[in-house]
Amino acid sequence: MNAALNEFGPIKAVIFDMDGLLLDTEGIYTEVTSIIAERYGRTFDWSVKQNIIGRGAGDLARYVVEALDLPITAEEFLQIREPLMRERFPAALAMPGAQELVRHLKANNIPIAVGTSSSRQSFGQKTTLHQDWFALFDFIVTADDPEVGAAKPAPDIFLTAARRLGVLPGDCLVFEDSPFGVTAAKAAGMTAIAIPDAAMADEKYAHADGILRTLKAFNPSACGLPHLDWA
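Source: prediction; values computed, not measured. (Residues numbered from 1 in each chain as written. Predicted model: local features only at pLDDT ≥ 70, side-chain atom pairs only at ≥ 80, totals over all residues. Heavy atoms only, no water.)

*Asks:* Got a minute to help me understand the pattern of salt bridges in this structure?
*Replies:* As a working rule, side chains carrying opposite charge can pair if their charged atoms are close by. Per the counting criterion, the structure on display carries 16 salt bridges. One salt bridge connects Lys-126 with Asp-19, and the closest N-O pair in it is separated by 3.0 Å. Taken as a pair, Lys-126 in helix α6 (residues 120-126) and Asp-19 in the loop between β1 (13-16) and α1 (26-39) lie far apart in primary sequence, 107 residues in all. Several salt bridges converge on common partners, so that one network encompasses Asp-145, Glu-147, Arg-163 and Arg-164. (Salt bridge = Lys/Arg side-chain N within 4 Å of Asp/Glu carboxyl O. Helix = DSSP H or I, 4+ residues; strand = E, 2+ residues; numbered from the N terminus.)

What follows is the structure, given as structure tokens:
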């Protein structure tokens, strides 16, 4: 951890990112972007991937098109990508510890929300296998929510989630896997714990309040939350 989390507690609500944090969708994004890149003789690798994790769709598309010098517009990239994603998202699996932590917090009456850069439509596709435990969240805030003006790294998604939960931003804990998501959480005035992709370097998360390599390493009682005995 970067800091002792009890310095930031007690936490009254928890907001979760989704992609790469609750659901293992990053591999799907990588596969689909690689397919598109290869159509134009380009290679999508980690040098590009590490810079787009957590970005909103439009921002991501603009970055990929420019970085790979693709002969298409960002809008065309998204049009090509959409059916490839739609085909794969329903098979997304849960990340280790995600369902257990969500169920634990809900059982102990801790307000919880999802704050994701995904659209409402892709949220539905990704949660196909997980509707039972995603139904436990008090609120789901997506990038195309009418109250969200800008996607991450802007704080809008998290501020909207806190407002709906009825909790002050300073009393919220955010779990994020991306540097952009951590930036959004800190801009919102929240405590942020990073759960990075295994290939991401810790220095990209210097602005986080803590870094863990899996949700199962999280000790809720360190933040004033109910104790959890991980299986």
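That shown, we press on.
*Asks:* Explain the state of the cysteines to me, please; I cannot follow it from the model alone.
*Replies:* Covalently bonding the sulfur atom of one cysteine to the sulfur atom of another cysteine gives a disulfide. Summed over the entire model, instances satisfying the criterion amount to zero disulfides. Free of any disulfide, Cys-172 has its nearest neighbouring cysteine sulfur in Cys-223, separated by 12 Å. Since its relative accessible area comes to 2%, Cys-223 is described here as buried. (Disulfide = S-S within 2.5 Å. Buried < 20%, exposed > 50% of the residue type's maximum accessible area, 1.4 Å probe, protein only.)

*Asks:* Even after reading the chapter, I still don't get the domain arrangement of the protein, so can you show me in this structure?
*Replies:* Many analyses report the size of an interface as the accessible area lost when the parts associate. Along its sequence, the protein is carved into domain 1 (13-24 + 92-223) and domain 2 (26-90). Relative to domain 2, the C-alpha centre of domain 1 lies at a distance of 23 Å. Contacts between domain 1 and domain 2 engage 21 residues on the former and 16 residues on the latter. Here domain 1 meets domain 2 over a buried area of about 1,500 Å², counting both sides, of which 55% is carbon and sulfur. The interface formed by domain 1 and domain 2 includes zero salt bridges. (Domains from an automatic or database assignment. Contact = heavy atoms within 4.5 Å. Buried area = accessible area lost by both parts, 1.4 Å probe.)

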